[in-house]
Amino acid sequence: MAIWTDFAESADGKKRCGWCGTDPLYVKYHDKEWGVPVKNDRKLFEFLILEGAQAGLSWITILRRRKGYRKAFAGFDPKKVARFDAAKLGALLKDPGIIRNRLKLKSAVSNAKAFLQVQKEFGSFSNYAWGFIGGKILKNRPKRMSELRATSPESDAWSKDMKKRGFNFVGSTILYAHMQATGMVNDHLEGCFRRRL
């Protein structure tokens, strides 16, 4: 497991959360996406698929394959992914552009089906997801990397509900990472130039 400094060193003089290090792809993700509120269902589906794929791996591993996932998963269109059959899954298992894990690929298809059911019930997946935090961004005030949490009462409740609805790879830790990524939670460190989104 990597041990991060609280703040990443930076050639541009900006103070960033230490987890992004100096990898240009990671820095761009930190600066442009992580913690920015997302209400668009397709984007939320993208993060659901990517966070599930990330389980047990590093996030940079997934970021480096993001284009491959976009292509393999029909631009993250849940209606199309929900129709993936055994032949399509077989082809995905040979695709070097993604993580070729049978369980994760099968769960992406079942998650797409559950995602569509949630959209039907709540009008949008966004309404459903943001409902677990009362529609307002949770703003934590971490000063150090060691203060970043892995779960929250909200991610615990959301995970429990999603599992009841048939979703897979939606443990509390995965969903908390999803909440951070999609701006449901602002966990940028105090002092990070992106703290005030």
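Residues numbered from 1 in each chain as written. Predicted model: local features only at pLDDT ≥ 70, side-chain atom pairs only at ≥ 80, totals over all residues. Heavy atoms only, no water.

Chemist: So what exactly am I meant to see when it comes to the layout of surface pockets here?
Modeler: Think of a ball as big as a water molecule: rolled over the atoms, this probe shows where empty space is left. Roughly 270 Å³ of internal volume is contained in the second largest pocket. Every residue along the wall of the second largest pocket is listed here: Leu25, Lys28, Tyr29, Lys32, Glu33, Leu63, Arg64, Arg66, Lys67 and Arg70. Listing elements by their share of the lining of the second largest pocket, those giving two or more residues are helix H1 (24-32) and helix H4 (66-72). Top element by residues in the lining of the second largest pocket is H1. It accounts for four residues. The residue makeup of the lining of the second largest pocket, split by class, is three nonpolar, no polar and seven charged. (1 Å grid on protein atoms, 1.4 Å probe; cavity = no way out; pocket = protein on both sides within 12 Å on 5 of 7 lines; lining within 4 Å. Points joined across faces, edges and corners; volume = space filled by probe spheres on them. Helix = DSSP H or I, 4+ residues; strand = E, 2+ residues; numbered from the N terminus. Nonpolar A, V, L, I, M, F, W, Y, C, P; charged D, E, K, R; others polar.)

Chemist: Please explain the pattern of salt bridges as it appears in this structure.
Modeler: Tallied over the entire structure, the rule returns twelve salt bridges. A salt bridge links Lys43 to Glu33; the nearest nitrogen and oxygen atoms lie 3.7 Å apart. Within this pair, whereas Lys43 is found in helix H2 (residues 41-54), its partner Glu33 is found in the loop between H1 and H2, the two being separated by ten residues in sequence. Its relative accessible area of 26% is what places Lys43 among the partly exposed residues. A salt bridge links Arg66 to Glu33, with the nearest nitrogen and oxygen atoms 2.6 Å apart. Taken together, the positions of Arg66 in helix H4 and Glu33 in the loop between H1 and H2 put the pair 33 residues apart, joining distant regions of the chain. Across this residue pair, the class does not change: Arg66 and Glu33 are buried. (Salt bridge = Lys/Arg side-chain N within 4 Å of Asp/Glu carboxyl O. Buried < 20%, exposed > 50% of the residue type's maximum accessible area, 1.4 Å probe, protein only.)

Chemist: Mind showing me how you'd approach a positive patch on the surface here?
Modeler: A cluster of like positive charges, contributed by Lys14, Lys28, Lys32 and Lys67, occupies part of the molecular surface. When you line up the elements, Lys14 lands in the loop between strand S1 (7-8) and strand S2 (16-17). (Patch = residues over 30% accessible without salt bridge, like charges linked within 9 Å, V, L, I, M, F, W, Y side chains within 5 Å. Areas by Shrake-Rupley, 256 points an atom, 1.4 Å probe, with all protein chains shown as cover. Lys, Arg positive; Asp, Glu negative; His and termini not counted. Charge placed at Lys NZ, Arg CZ, Asp CG, Glu CD.)

Chemist: Explain helix H9 (residues 153-164) to me, please; I cannot follow it from the model alone.
Modeler: Because an α-helix completes one turn every 3.6 residues, residues spaced three or four positions apart along the sequence face the same direction. Helix length check: H9, at twelve residues, gives a terminal C-alpha distance of 17 Å against a target of 16 Å (1.5 Å per residue), a fit within 8%. Among all positions of H9, only Ser155, Trp158, Ser159 and Met162 are buried. Looking straight down H9, one finds its buried side chains confined to an arc of 100°; they lie on one side. Facing away from the buried side of H9, by more than 90 degrees, are the exposed residues Pro153, Lys160 and Lys164. Packing partners of the buried residues in H9 comprise H2, helix H8 (125-131) and helix H10 (172-181). Phi for Gly166, located one or two positions after H9, is positive at around 95°. (Expected span 1.5 Å × (residues − 1). Arc of directions from axis to C-beta. Contact = heavy atoms within 4.5 Å.)

Chemist: Explanation requested: the environment of His30 in the structure shown.
Modeler: Relative to the assigned elements, His30 resides in helix H1. Put simply, His30 and Ala181 are 151 residues apart on the chain and 9.1 Å apart in space, counted from C-alpha to C-alpha. Not counting chain neighbours up to four residues away, the residues in contact with His30 comprise Arg16, Cys17, Trp19, Cys20, His188, Cys192, Phe193 and Arg194. For His30, the side chain forms a polar contact with the side chain of Asp31, separated by 2.8 Å. (Polar contact = N/O pair within 3.5 Å; in protein donor to acceptor, adjacent residues only side chain to side chain.)

Chemist: Sorry, what's going on with the nonpolar core here?
Modeler: General note: in soluble globular proteins, nonpolar side chains tend to be found buried as a group. Among the nonpolar cores identified, the biggest contains 56 residues, and Tyr69, Phe73, Phe125, Trp158, Met162 and Phe167 are the most heavily contacted of them. Beyond its immediate sequence surroundings of up to four residues, Met162 is in contact with Leu48, Phe125, Tyr128, Phe167, Val170 and Leu175. (Core = buried A, V, L, I, M, F, W, Y, C linked by side-chain atoms within 4.5 Å.)

Chemist: I'm lost on the state of the cysteines in this one. Help?
Modeler: A disulfide bridge is the covalent bond that connects two cysteines by way of their sulfur atoms. Throughout the structure, instances matching the rule amount to zero disulfides. With no disulfide of its own, Cys17 has Cys192 as its nearest cysteine by sulfur position, at a separation of 3.8 Å. A relative accessible area of 1% means that Cys17 is categorised as buried. (Disulfide = S-S within 2.5 Å.)

Chemist: Looking at this model, I keep getting lost on the packing of H9 against H10. Mind explaining?
Modeler: Each pair of packed helices can be summarised by the angle the axes make with each other and by the distance between the axes. The N-to-C vectors of H9 and H10 enclose an angle of 115°; their axes lie 8 Å apart at closest approach. Between H9 and H10 lies a crossing whose hand is right-handed. Residue-level inspection shows Glu154, Ser155, Asp156, Trp158, Ser159 and Met162 of H9 in contact with H10, the latter providing Ser172, Leu175, Tyr176, His178 and Met179. (Axes fitted to C-alpha atoms, helices over the stretch in contact; angles between N-to-C directions. Left-handed = near helix turned anticlockwise from the far one by under 90°.)

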